Amino acid sequence: MAPKPFYSDGLKFSCTRCSACCRFDPGFVFLSDSDINRLAQAVQMHYTDFIETYCRWIPSGGGYEQLSLKERSNYDCIFWKDGCTVYDARPLQCRTYPFWASIVLHKESWEAVKAECPGIDQGQRHSKEEIAALLQMREKDPIVVRRR
Ligand code: SF4
């Protein structure tokens, strides 16, 4: 039987829209196929043109690369301009934050992101079932990869 998650009573999170996770620091926003389709439609581009214009390939080991959004030279997300310009079509990675497998794995990893995100442990409580559904969404919608 799988061990009981530390968040069996749920976890509190409400985004304050401070944009700290979208700007200032280098990072990756990895994209699934459905992310690309949704974003390409939002900016009225074809799938391959969208990848050419807004994406970059990140080496991921084992001879593969993963698809991520580009960022600006100051590390802002390519789609950040006084807020997220594609909010309704934003990638699953952004939609499901901070309920990522790597963050909710342990109480320590959840606590560690508090320093970066003022929404953690604030506001709305998300149930264990809701968190499990978000984790499943990511699992079912894998990041686009290619051979190097
Ligand atoms: S750092 Fe947290 S509170 Fe700020 S925009 Fe990102 S998710 Fe929202």
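Owing to the predicted nature of the structure, the values given are computational and were not obtained by experimental measurement. Within every chain, residues take consecutive numbers counted from 1 along the sequence as written. pLDDT decides what is reported in this predicted model: residues at 70 or higher carry local features, side-chain atom pairs at 80 or more are listed and counted, and totals for whole chains, interfaces and linings draw on all residues regardless. Only heavy atoms go into the side-chain values, all of them from the structure, while hydrogens and water stay out.

(A) Highlighting the site of the ligand. With respect to spatial proximity, 13 residues lie near the ligand, and among them C15, C18, S19, C21 and C117 are the closest. When atoms are counted within 2 Å of each cavity's grid points, the one that captures over half of the ligand is the largest pocket. Any residue outside Ala, Val, Leu, Ile, Met, Phe, Trp, Tyr, Cys, Pro, Asp, Glu, Lys and Arg is labelled polar, Gly included; the first ten of those are nonpolar and the last four are charged. Considered class by class, the residues forming the shell around the ligand number eight nonpolar, three polar and two charged. Any residue with a non-hydrogen atom lying within 4 Å of a molecule or strand is treated as near it. Only protein atoms enter the calculation, which uses a 1 Å grid: trapped sets of points that fit a 1.4 Å probe without letting it out are cavities, open sets showing protein on both sides within 12 Å along at least five of seven lines are pockets, and any residue with an atom within 4 Å of a point is a lining residue. Assignment of a molecule to a cavity or pocket requires that more than half of its atoms lie within 2 Å of the corresponding grid points.

(B) Representation of the sheet that holds strand β2 (residues 55-61) within the structure. Strand pairing requires that DSSP identify at least two bridges connecting the strands. A run of H or I in DSSP counts as a helix once it spans at least four residues, and a run of E counts as a strand once it spans at least two, with each numbered from the N terminus. Taken in spatial order, the three strands make up an open sheet running β2-β3-β5, and their pairing is antiparallel. At either end of the open sheet lies a strand with only one pairing partner, and these are β2 and β5 (145-147). Adjacent strand axes in the sheet meet at a mean angle of 35°, parallel and antiparallel pairs treated alike. Two strands pair when backbone bridges link them, and strand β3 (residues 64-69) and β5 are joined in this way by three bridges, in the antiparallel orientation. Bridge pairing in β5 places Q66 opposite V145. Against the sheet, helix α2 (residues 47-54) touches β2 and β3, its axis set at about 80° to β2. Working convention: axes come from line fits to C-alpha atoms, limited for helices to the stretch in contact. Angles between N-to-C directions cover 0 to 180 degrees. Residue contacts are defined here by distance: any two heavy atoms, one from each residue, within 4.5 Å place the two residues in contact.

(C) Fine view of the layout of surface pockets. By volume, the largest pocket amounts to about 1,100 Å³. Along the walls of the largest pocket sit 42 residues, with A20, C21, C22, C94 and Y97 positioned nearest its centre. The leading source of residues in the lining of the largest pocket is helix α3 (residues 92-96), at three residues. Looking at the lining of the largest pocket residue by residue, the class counts come to 26 nonpolar, seven polar and nine charged. Estimated volume of the second largest pocket: approximately 260 Å³. In this structure, the second largest pocket is lined by 13 residues; those nearest its centre are P3, P5, Y7, V104 and L105. Each residue belonging to the lining of the second largest pocket can be placed in one class, and the counts come to nine nonpolar, one polar and three charged. Grid points are joined across faces, edges and corners, and a volume is the space filled by probe spheres set on the points.

(D) Region of interest: the packing of aromatic side chains. Two rings from Phe, Tyr or Trp (for Trp, the six-membered ring) form a pair when their centres sit within 6.5 Å of each other. Planes less than 30 degrees apart are called stacked, planes more than 60 degrees apart edge-to-face, and all others tilted. If you walk through the whole model with that rule in mind, you get eight aromatic pairs. When the centroid spacing of 5.3 Å and the interplanar angle of 90° are considered together, the rings of F6 and Y7 count as edge-to-face. What makes F6 partly exposed here is its relative accessible area of 30%. With a 1.4 Å probe rolled over the protein chains alone, any residue whose accessible area is under 20% of its type maximum counts as buried; one over 50% counts as exposed, and the rest are partly exposed. Overall, Y7 belongs to the buried group, its relative accessible area being 8%. Between F99 and W110, the ring centres sit 5.8 Å apart and the planes meet at 20°, which makes this aromatic pair stacked. Here F99 is found in the loop between α3 and α4 (101-104), whereas its partner W110 is found in helix α5 (residues 107-112), with 11 residues between them in sequence. F99 sits in the buried class, given a relative accessible area of 2%. The rings of F13, F99 and W110 are connected pair by pair, giving a single aromatic cluster. Two conditions define a charge sitting above a ring: the NZ of Lys or the CZ of Arg must be within 6 Å of the ring centre, and it must be within 35 degrees of the ring normal. Its guanidinium or amino end placed over the ring of Y87, R17 lies 4.1 Å from that ring's centre, counting from NZ or CZ. The ring of Y87 has R90 sitting right over it, with the charged end atom 3.9 Å from the ring centre.

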